[in-house]
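Breakdown of the fold
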Amino acid sequence: MKKQYQKYDLILIFSSFQRCISYLIICSKLSKNYKIGIYKLKPTENELIRLSISNQFFFNKLKQYKNIDILNKDLKYEAKMIIHPQKKYDRNDYDFLSKNVKSNYKVGLSGLAMGNSYFQYLPYELDCLYVPDLRLYNYRINKYSNDNIDFKNKVIEVGSPLLKYNLNQFEEIDYLIVGPSMFSFLNSKDILLFLKRLNYLIKKIKSKNNKLIIAYKPHNADERYDALINPNIYKLLNLFPFLKSNQWERIFSKIYNILKNFGIDSKFFISILICFQYFKIEKCTINLSKFSEYNLVNVEVFLNFIKKGVITGRSNTIWHCLFHKVPVFNLIDETKPYIENKMHQHTMNYLGVHFNDSYIFQKSFKVVSSNTREKDLIMIIKKKLDSLI
């Protein structure tokens, strides 16, 4: 007996919270009137190690909405629309999409500055591509790569739904520090300089008003620990609280400089000095986890609740701040070398927000077009669903 196709208005393919952050808004706003199915892709080994708790938390939040089903790879489905995130799909997931799913309209959901990457691995051609910022998308295609795909007139600009739709009502924060991608740093010395500048800026802000709330959000690439620090050295130093003092920092700094004079560039001592800077940050800031259970997900979730500004490094966070019209400061020099053959350098050059020694926040938001801010992903999806028979 042939298996019957279960029918849905919309199927969302889930990979990870970073790539699928808009799904929370889609489910929140559309699940009341449209039947939505979610298919969870097989996580990579790296995702299982670094992000299993965060991804499960996010996935559980998606399941809480009514009229949403979790799809089974052994059953067959039919949908008006299916949305795909960027990922190299596992063979079983590839087979599921090619053999078990029929859809009228196939959409690729492109991440910021990710262009067409990974869509070449799908078992079929997409009908359209949703991009957050059309100008930045075209910049990537021209300056970096189109990943051997030409979407021609299939590209639709959708902005970010988190400007118009709040995921939750969060407490307002004066300043938010966002740990940047590790692409920002070529070595541990770069991290040390970044943290020294960060502590200087915190001190500068606090000197004007000590009551301002400064929250800290580590980068969300690894839920186990903050990638800026060596977790073993951090834990070791925490076992001996008396070491967490300016006096011991000076002692370790002197030892490091002596070794350096003898041509010994000790990564171990740099890691210790990084931890000393990190301890100062912990003392002067509040971890974002104290404000919200969503602390591990994408920073754009919180930007509508930032009153004064965001502090970060070389990060896509800068685009989201400009999109939300939130002042932003980049602690990394424009001239600092980049990891080669990465889109990261092109993105930072396009955004044009770099370190300045006057510590003046970027308050010009013209890099992001006002037309881009007016885009409404939810209405774009709704309109298309209503047009499909």
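Counting of residues starts from 1 at the beginning of each chain's written sequence and follows it residue by residue. Given that this is a predicted model, residues contribute local features only at a pLDDT of at least 70 and side-chain atom pairs are listed and counted only at 80 or more, while totals for whole chains, interfaces and linings are drawn from all residues. Derived side-chain values reflect all non-hydrogen atoms in the structure, with water molecules and hydrogen atoms excluded from consideration.

This part takes up the packing of helix H7 (residues 231-238) against helix H9 (residues 267-284). Angular values range over 0 to 180 degrees, each being the angle between N-to-C directions of two axes fitted as lines to C-alpha atoms, with helices fitted over their stretch in contact. Going along the chain from the N terminus, every DSSP run of H or I of four or more residues is numbered as a helix, and every run of E of two or more is numbered as a strand. It is at 9 Å that the axes of H7 and H9 come closest, and there the two elements cross at 65 degrees. In terms of crossing hand, the pair formed by H7 and H9 is right-handed. Touching Ile 233, Tyr 234, Leu 237 and Asn 238 of H7 are Phe 268, Ser 271, Ile 272, Cys 275, Tyr 278, Phe 279 and Glu 282, all from H9. For the contact of H7 with H9, a count of residues per class yields eight nonpolar, two polar and one charged. Should the near helix be turned anticlockwise from the far one by less than a right angle, the crossing is left-handed, and should it be turned clockwise, the crossing is right-handed. Residue contacts are counted whenever heavy atoms from the two residues lie within 4.5 Å of one another. Nonpolar residues are Ala, Val, Leu, Ile, Met, Phe, Trp, Tyr, Cys and Pro. Charged residues are Asp, Glu, Lys and Arg, and all others, Gly as well, are polar.

So, on to the pattern of salt bridges. By convention in these notes, a salt bridge is any Lys or Arg side-chain nitrogen within 4 Å of a carboxyl oxygen on Asp or Glu. Following the criterion strictly, the structure yields 13 salt bridges and no others. The partner of Asp 95 in a salt bridge is Arg 91, and the shortest N-O contact between them spans 3.1 Å. With Asp 95 and Arg 91 both in helix H4 (residues 91-99) and four residues apart, this pair spans about one turn of that helix. Among the ionic pairs, Asp 222 bridges to Arg 224, the shortest N-O distance being 2.6 Å.

Let's shift gears to a nonpolar patch on the surface. A patch consists of residues exposed above 30% relative accessible area that lack any salt bridge, with like charges linked at up to 9 Å and nonpolar side chains (Val, Leu, Ile, Met, Phe, Trp, Tyr) linked at up to 5 Å. Throughout, the Shrake-Rupley method with a 1.4 Å probe supplies accessible areas, and for residues the shown protein chains are the sole cover considered. A surface patch of nonpolar side chains, amounting to about 430 Å² of accessible area, comprises Leu 236, Leu 239, Phe 240 and Phe 242. Assignment of secondary structure puts Phe 242 in the loop between H7 and helix H8 (246-261).

Among buried residues, those of type Ala, Val, Leu, Ile, Met, Phe, Trp, Tyr and Cys that are joined through side-chain atoms within 4.5 Å constitute a nonpolar core. Each residue gets one of three labels from its accessible area relative to the maximum for its type: buried under 20%, exposed over 50%, partly exposed in between, using a 1.4 Å probe on protein chains only. Core analysis: the biggest nonpolar cluster contains 71 residues, and Ile 26, Met 81, Ile 83 and Ile 381 have the highest contact counts within it. A per-element tally of this core places helix H1 (residues 22-30) first, with six residues. Ile 83 has contacts with Leu 10, Ile 11, Leu 12, Ile 13, Tyr 23, Ile 26, Val 107, Leu 109 and Ile 381, leaving out every residue within four places of it along the chain. Residues Leu 228, Ile 229, Phe 279 and Ile 332 belong to the second largest nonpolar core, which totals 39 residues.

This part covers the sheet that holds strand S4 (residues 76-84). Spatial strand order, S3-S2-S1-S4-S5-S6-S7: seven strands in an open sheet with parallel pairing. Of all the strands in the sheet, the pair left with one neighbour each is strand S3 (68-70) and strand S7 (155-157). Looking at each pair of strands side by side, their axes are set apart by 30 degrees on average, direction ignored. Pairing between two strands is assigned when DSSP locates at least 2 bridges connecting them. Pairing analysis gives three bridges linking strand S5 (residues 101-109) to strand S6 (residues 128-131), with the strands arranged parallel. Following the sheet pairing, Gly 108 is matched in S6 by Leu 129. Along the sheet, helix H5 (residues 134-143) makes contact with S6 and S7, crossing S7 at roughly 140 degrees.

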